[in-house]
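# An overview of the molecular structure
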Amino acid sequence: MNAIVLDISPGMLVIREQAGLISAVTWCPKGPKQPVNASFSPLLKSAAQQMEEYFQGKRRIFDLPIKPQGTQFQQSVWRAIAKIPFGETRCYDSIARELYTAPRAVGMAAGKNPFLILIPCHRVIRKSGTLGGFTGGEGASTKQQLLSLEGQLVF
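### Things to note about the pattern of salt bridges
Under the counting rule described, the total for this entry stands at five salt bridges. E53 is paired through a salt bridge with R59; the nearest N and O atoms lie 2.9 Å apart. In this structure E53 comes out as buried when scored by relative accessible area, which is 19%. Between D93 and K127 there is a salt bridge, with the nearest N and O atoms lying 3.9 Å from each other. Here D93, found in helix 3 (residues 92-99), pairs with K127, found in the loop between strand 5 (124-125) and helix 5 (140-149); they are 34 residues apart in sequence, far enough to count as distant. Note on K127: relative accessible area 66%, which makes it exposed. One network of salt bridges, with partners in common, ties together D93, R97 and K127.

### Describing unusual backbone geometry
Even without glycine at this site, A19 takes up a positive phi of about 55°. Among the structural elements, A19 can be located in the loop between strand 2 (11-18) and strand 3 (21-27).

Reading guide: rules and limits
Residues numbered from 1 in each chain as written. Predicted model: local features only at pLDDT ≥ 70, side-chain atom pairs only at ≥ 80, totals over all residues. Heavy atoms only, no water. Salt bridge = Lys/Arg side-chain N within 4 Å of Asp/Glu carboxyl O. Buried < 20%, exposed > 50% of the residue type's maximum accessible area, 1.4 Å probe, protein only. Helix = DSSP H or I, 4+ residues; strand = E, 2+ residues; numbered from the N terminus.

Read these as spatial facts, not as claims about activity.
Written out as structure tokens, the structure reads:
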């Protein structure tokens, strides 16, 4: 497995590649800021460039091959989340109704999302319009930063 670490605001991201596909995009725990493997593949270089463009406000859509690994239910939630356009949000409840399940189940599946930003779980909020949970980075403050980057103000 090959990986690259990006030091961006609001934290450090690790982008992993396996068998020619992006296998995960996760927040990196605090620690060394050196690349995991210095011989980056063209795919990892493209992924890093696209992430940097996103955080600079120059990219809204990603063009990267991914293959999410999860339960059938998790994958159905991730597909629903992936459909949320840049700059928009959906509530856990509306996704739950679409999938005939409970909002809490949607939240649990969103928390297992291995593709931060690419499958934009930060765009899922509570029915009340408040943030809800977020397992990445610094939690709710990171979620707010991502939504602010996309022009959304949620409290």
